[in-house]
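# Tertiary structure, described
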Amino acid sequence: MVLEAWYMDDSEEDQRKEHRLEPNQSVSLQQLQQLGVFYWKLNADIYETDPELQKIRSDQGYSYMDIINIHKDTLPNYEEKLKMFFEEHLHLDDEIRYVLDGQGYFDVRDKDDRWIRIAVRKGDLITLPAGIYHRFTLDHTDYIKAMRLFVGEPVWKAYNRPADDMEVRHQYQAFLQGC
């Protein structure tokens, strides 16, 4: 299955629901790429030895890796962490996630500040560019196991919106203007 993305409704209902507009407004991979969001589909069953993953890591300079299990039985301060992940924020570095099991949603803002929901599932590797406003939530399964990748040492700092005066945000907005 190819990555699926769509424009979100404005409902305040459970964040783990799909929140599709009626009628649905799909977003293509090309549209996501214009926002700086990139995607690969890999075989998560062989992630430890996958030559395709190794090539991507080498080509992109992803030198650091760890694995996070997001589930109420495995993640300390589970409810607090979910609330933190769902706060709209940006980072100084790209956010790179490879789903090894389970599923969830990354929400990103488009050029017009509208929310796009990206469903990520086992085998999906996604990169969100530095400076893009985004958030993450689980879906109804309440579980995801993901590899977190970084160029160099990991930086865990998130900057909640508003962060429009930050240089990384200015750089991202300049990137959008060039598209």
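Above this text you will find the structure in question.
Residues numbered from 1 in each chain as written. Predicted model: local features only at pLDDT ≥ 70, side-chain atom pairs only at ≥ 80, totals over all residues. Heavy atoms only, no water.

### Remarks on the overall build of the protein chain
Going by this rule: Numbering of helices and strands starts at the N terminus; helices are DSSP runs of H or I of at least 4 residues and strands are runs of E of at least 2. What the globule rule says is 2.2 Å times the number of residues to the power 0.38, and the radius of gyration is computed from C-alpha atoms. Throughout, exposure labels follow a simple rule: accessible area from a 1.4 Å probe, protein chains only, divided by the maximum for the residue type, with under 20% read as buried, over 50% as exposed, and the rest as partly exposed. The Shrake-Rupley method, run with a 1.4 Å probe, gives the accessible areas here. Residue values count only the displayed protein chains as cover. The convention is simple: Lys and Arg are positive, Asp and Glu are negative, and His and the chain ends are not counted. For charged residues, the charge sits on one atom: NZ in Lys, CZ in Arg, CG in Asp, CD in Glu.
The helix and strand tally for the protein chain stands at four helices and 10 strands. Reading the helices (α) and strands (β) of the protein chain from amino to carboxyl end gives β-α-β-α-β-α-β-β-β-β-β-β-β-α. Here the C-alpha atoms of the protein chain give a radius of gyration of 16 Å, agreeing with the 16 Å that 2.2 N^0.38 yields for 179 residues. Referenced to the eigenvectors of the C-alpha coordinate spread, the extents of the protein chain come out at roughly 40 × 35 × 30 Å. Within the protein chain, the fraction of its 179 residues that count as buried is 47%. For the protein chain, the exposed area adds up to about 9,700 Å²; of that, 47% sits on carbon and sulfur atoms. Of the charged side chains in the protein chain, 22 are positive and 34 negative; the average position of the first set lies 1 Å away from that of the second.

### Some details on the nonpolar core
Put simply, the test is: Joining through side-chain atoms within 4.5 Å is the link that ties buried Ala, Val, Leu, Ile, Met, Phe, Trp, Tyr and Cys residues into a set, and such a set is a nonpolar core. Note on contacts: a residue pair qualifies if any of its non-hydrogen atoms lie within 4.5 Å across the two residues.
The biggest cluster of nonpolar side chains holds 30 residues, and the ones touching the most others in it are Leu32, Val37, Ile70, Ile116, Ile118 and Val120. Setting aside residues no more than four positions away along its own chain, isoleucine 116 makes contact with Ala5, Trp6, Tyr7, Met8, Val27, Leu32, Leu35, Phe106, Asp107, Val108 and Asp110.

### Topic: the pattern of salt bridges
What counts is decided by this rule: For this analysis, a salt bridge means a side-chain nitrogen from Lys or Arg found within 4 Å of a carboxyl oxygen belonging to Asp or Glu.
Scanning the entire structure with this criterion turns up 18 salt bridges. Among the salt bridges present, the one from glutamate 13 reaches lysine 17, with a minimum N-O distance of 2.8 Å. Residue glutamate 13 is classed as partly exposed on the basis of its relative accessible area, which comes to 45%. Through salt bridges that share partners, Glu4, Glu18, Arg20 and Arg121 make up one connected network.

### So, the pairing of strand 8 (residues 134-138)
Along any regular strand the residues' side chains alternate between the sheet's two faces. Selection criterion: In this analysis, strands are considered paired if DSSP registers two or more bridges between them.
In terms of burial, strand 8 is largely enclosed, as five of its five residues are buried. By the alternation rule, side chains of strand 8 split into His134, Phe136 and Leu138 and Arg135 and Thr137, which are all buried. As paired strands, strand 5 (residues 95-109) and strand 8 are joined by five bridges and run antiparallel to one another. Among the inter-strand pairings, aspartate 107 is bridged to a residue of strand 8, identified as arginine 135.

### Overview of the packing of aromatic side chains
How we decide: Here a Phe, Tyr or Trp ring, Trp counted by its six-membered ring, pairs with any other such ring whose centre lies within 6.5 Å, and the pair is stacked when the planes are under 30 degrees apart, edge-to-face when over 60, and tilted otherwise. Counting as a charge over the ring demands two things of the Lys NZ or Arg CZ atom: a distance within 6 Å of the ring centre and an angle within 35 degrees of the ring normal.
Applying the stated criterion across every chain yields a total of six aromatic pairs. Measuring from centroid to centroid gives 6.0 Å for tryptophan 6 and tyrosine 105, while their planes differ by 80 degrees, and the two rings are edge-to-face. Linking tryptophan 6 in strand 1 (residues 4-7) with tyrosine 105 in strand 5, this pair joins segments that are 99 residues apart in sequence. Tyrosine 105 matches tryptophan 6 in its accessibility class, with the two residues each being buried. Both rings, one in phenylalanine 85 and one in phenylalanine 136, keep their centres 6.4 Å apart while their planes meet at 70 degrees; by these two values the pair is edge-to-face. You can see phenylalanine 85 sitting in helix 3 (residues 78-86) and its partner phenylalanine 136 sitting in strand 8, a full 51 residues away along the chain. Counting every residue linked through ring pairs, the aromatic cluster contains Tyr64, Phe150 and Trp156. Positioned above the aromatic ring of tyrosine 7, the side-chain terminus of arginine 114 is 3.8 Å from the ring centre. Over the face of the ring belonging to tryptophan 115 we find arginine 135, whose NZ or CZ atom lies 3.9 Å from the ring centre.

### Here's the deal with helix 2 (residues 51-60)
Rules: Here a polar contact is taken to be a pair of N or O atoms separated by no more than 3.5 Å, where protein atoms must pair a possible hydrogen donor with a possible acceptor and residues adjacent in sequence count only if both atoms sit in side chains.
N-cap assignment for helix 2: the residue whose side-chain oxygen lies 2.9 Å from the backbone N of glutamate 52 is aspartate 50. The positive-phi residue at the C-terminal boundary of helix 2 is glycine 61, with phi of around 75 degrees.

### Structural notes on the side chain of threonine 137
By secondary structure assignment, the location of threonine 137 is in strand 8. In this structure threonine 137 comes out as buried when scored by relative accessible area, which is 1%. Among the polar contacts made by the side chain of threonine 137, one reaches the side chain of glutamine 15 at a distance of 2.9 Å. Setting aside residues no more than four positions away along its own chain, threonine 137 makes contact with Gln15, Arg16, Phe86, Gly104, Tyr105 and Arg117.

So yeah, pure geometry; function would need other evidence.
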